[in-house]
There are 2 protein chains.
Amino acid sequence: MDVARAAGVSAITVSRAIRTPGRVSTEARARVAAAIRDLGYTPDPAAKALASSRSDIVGVLVPSVTNSVFLDTMRGLYEVCETTDYRVQIANTRYSAAEEERLLRMFLTQRPAGLIVTGIDQSAATAGLLRSAPCPVVQITEIGPAPFDMMVGFSHSDAARVAAEHLVDSGYRRIAFLGARRDARSTRRLSGFRAGLEGKGLYNPARVLFADRPSSVPLGAEQLVELLTRDPDADAVLCNNDDLALGVLFECQRRGLAIPDRFGICGFNDISAMATACPAVTSVQTPRREVGRQAMTMLLARLADEDPGRPVRDLGFRLVRRDSTRRGQGAVAPGPGRVRPIA
Amino acid sequence: MDVARAAGVSAITVSRAIRTPGRVSTEARARVAAAIRDLGYTPDPAAKALASSRSDIVGVLVPSVTNSVFLDTMRGLYEVCETTDYRVQIANTRYSAAEEERLLRMFLTQRPAGLIVTGIDQSAATAGLLRSAPCPVVQITEIGPAPFDMMVGFSHSDAARVAAEHLVDSGYRRIAFLGARRDARSTRRLSGFRAGLEGKGLYNPARVLFADRPSSVPLGAEQLVELLTRDPDADAVLCNNDDLALGVLFECQRRGLAIPDRFGICGFNDISAMATACPAVTSVQTPRREVGRQAMTMLLARLADEDPGRPVRDLGFRLVRRDSTRRGQGAVAPGPGRVRPIA
DNA sequence: ATGAAAGCGCTAACAG
DNA sequence: CTGTTAGCGCTTTCAT
């Protein structure tokens, strides 16, 4: 009202000048802009939300705020969102379907502008809420057959299968799978791993290890120890996560297991440490950041009534082959098994 | 209104039954509770915020969503906040004072329940806004002399000084400091580092390296290369961040620099990888998670009109000495310079 | 302990 | 293109 008075127009014209400047005369728009500036007016998001039944909050449901994998995706979401007036709100489901549903209901009471949820394994109740949500919904990180609305991710099982096949092709035969806390995605990766090995008759469930705690470097080291107890002749691992792979690398160094000749390591996600490690560690590069960027971009396009493009996007992945699986090739860069003897 | 009708009371009684149950008769409270359950009522946060000039949002200003250091603190904040009806909203200042001010103003228009800001180096404008903010404010990560309101952190310069002294005490003499993007905290850590070395006449600015990009493992490796170009006889580094320390470790392994005898490494923060690395890396353990927990706990106490305890809390730090600086002590666990010759 | 009235600041809906 | 009217769902204030 103050702005309206100062600009000599009505309140609704101020509102329109802000939200749909195209529907206000150039002249009025200028006067409103000047008044806003002079008075230092800022809109009240609560009043806006109440009147329009729509907040400027984009709710994001992630299973973990611990896992650096989601961090990269969050970064992508933020990067895009920060250019707008929408605000990201993150809620942590802790890998619990019940918690996910509760948090989703919490978001829905806020009349979110959009919703971003992780994965494709929602409970029936959550799925129902999402399907009838009064806002755009993007599922991220995975892709699957029946999107609620939009979807950006890649196939985790394909990625693991390709990695497993790479290990086989590199000459490894007693290949293990290391995972941390088991969730829908890691299970899917395991099935890709299994598919990759079963064709060659190399799959052995005794070489599949999961844990009951989050992924970490120490866990990887511990799991290597456990693996070698179960099968002293295990000769390679596919780690569900690069943290684990680093832990395996360090433990190999500690035990003097030559990488890649005696033992091969493949990580998952390809965090930047993988390329720098000694030896550099083979990993599956996943488009985490880009998943976040595209998810938010699609969401914003829909909110702006623009064309969001393809609603389901498989962003793929890429196996990055490095020394940790470059077996028996003589002139390899110095690796842990090849570090110059020192002092 | 629906709930009120069902419970046979007025709307305001429902409101009171929810917010201040003590001021409603047991009987009315029970009827309201039943009605809420039967109708599946959930309060509208926008209407609540509009009517009361107070949202349930706790705004958090962090310089980076990239840096895993802040991630740990966020985790602590979330852990505590998740037990309440308040919601965390994170905004990313990108190490920019102007951006910080803009985002703070954005938060203020939301009438936040509380505000959490990183560090003690706010601009004058930001400081003014914070000092007169109509809600509790907690500064996190550092401690300093003039809190706006509450403060939880530790002394970064002391921590770096202790680490530097440890390197000196371990026998290193040409000690370098590696930092990524320079900010207020890293500058303060550098001054601690300098203080630790200057007493012994060992400080040399040629051995101080900063970068123009975020901390990462690859950056640490690159900076070691750069350092050795500048001073081939450098014999230790204090890394401003554990990522950098890992990069240095890998680069040392690659170059066959024996750790700890030829080269000592000390990290900062003590992420879990440090203890698992080969050799294990000395680092300064910092209470990141606990900073988050206590900050949110204090904030909630104030919001509940309870005693928040000491308003300024120095949570300290702890140097964790490991093999990467355990110089010339003969029987050391196998380290990169001591890995058994392989195959 | 409870209620009635008023209004938070904005926008939807309907004019004109 | 602009304005009027009527709320959005809750809490404040003042009564009782």
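Just so we're clear, the structure is a prediction, and the values are computed from it rather than from any experiment. (Residues numbered from 1 in each chain as written. Chains lettered and ligands numbered in written order. Predicted model: local features only at pLDDT ≥ 70, side-chain atom pairs only at ≥ 80, totals over all residues. Heavy atoms only, no water.)

Another aspect to go through is the protein's contact with DNA strand C. Near DNA strand C you find 22 residues, and of these Ser15(A), Tyr41(A), Thr13(B), Arg16(B) and Ser25(B) are the closest. The sugar-phosphate backbone supplies 67% of the atoms of DNA strand C found within 4 Å of the protein. Within the backbone of Asp44(A), one N or O atom sits 3.1 Å away from a phosphate oxygen of DNA strand C. Note that a phosphate oxygen of DNA strand C is positioned 2.5 Å from one of the side-chain N or O atoms of Thr13(B). Of all elements in the fold, only helix H2 (11-19) and helix H4 (45-52) of chain A together with helix H2 (11-19) and helix H4 (45-52) of chain B reach the threshold of two or more residues within the surface near DNA strand C. Top contributing element to the surface near DNA strand C by residue count: H4(A), with five residues. Classifying every residue of the surface near DNA strand C gives twelve nonpolar, five polar and five charged. (Near = heavy atom within 4 Å. Polar contact = N/O pair within 3.5 Å; in protein donor to acceptor, adjacent residues only side chain to side chain. Helix = DSSP H or I, 4+ residues; strand = E, 2+ residues; numbered from the N terminus. Nonpolar A, V, L, I, M, F, W, Y, C, P; charged D, E, K, R; others polar.)

Residue and element names in this part refer to chain A. Taken together, the side chains of Arg16, Arg19, Arg23 and Lys48 define a basic patch exposed on the protein surface. Along the chain, Arg19 turns up in helix H2. Residue classification places Arg19 among the exposed residues on the basis of a relative accessible area of 53%. (Patch = residues over 30% accessible without salt bridge, like charges linked within 9 Å, V, L, I, M, F, W, Y side chains within 5 Å. Areas by Shrake-Rupley, 256 points an atom, 1.4 Å probe, with all protein chains shown as cover. Salt bridge = Lys/Arg side-chain N within 4 Å of Asp/Glu carboxyl O. Lys, Arg positive; Asp, Glu negative; His and termini not counted. Charge placed at Lys NZ, Arg CZ, Asp CG, Glu CD. Buried < 20%, exposed > 50% of the residue type's maximum accessible area, 1.4 Å probe, protein only.)

Right, let's get into the relation of the copies chain B and chain A. Rotating chain B by 180° and translating it 0.0 Å along the rotation axis places it on chain A, where the RMSD comes to 0.1 Å. Such a combination of rotation and displacement between the chain copies is what one expects of a two-fold axis. Considering only C-alpha atoms, the part of chain B nearest the rotation axis is Ala46(B), at 2.4 Å. When the interface residues of chain B are mapped onto chain A, 98% of them again lie at the interface, so the same face is used by both copies. (Least-squares fit on C-alpha atoms with pLDDT ≥ 70 in both. Contact = heavy atoms within 4.5 Å.)

Let us now look at the confidence of the model for chain A. With 96% of its residues at a pLDDT of 70 or more, chain A has an overall mean of 93. Segment residues 330-343 of chain A: pLDDT under 50, and 33 contacts once partners within four positions in sequence are set aside and those in other chains are kept. (pLDDT = per-residue confidence, 0-100.)

Moving on, we come to the interface of chain B and chain A. The partner chain A presents 51 residues to the 52 residues of chain B that form the contact. A buried area of about 4,300 Å², summed over both sides, lies between chain B and chain A, and 60% of it is on carbon and sulfur atoms. At the boundary of chain B and chain A, one finds two salt bridges. Between Glu82(A) and Arg94(B) there is a salt bridge, and its shortest N-O distance comes to 2.5 Å. For the interface between chain B and chain A, the tally reads 15 residue pairs in polar contact (both at pLDDT 80 or more). (Buried area = accessible area lost by both parts, 1.4 Å probe.)

Turning next to a nonpolar patch on the surface. Residues and elements named next belong to chain A. A cluster of nonpolar residues, Ile18, Leu39 and Tyr41, forms a patch on the protein surface that exposes about 250 Å² of accessible area. Among the secondary structure elements, Ile18 is positioned in helix H2. What makes Ile18 partly exposed here is its relative accessible area of 37%.

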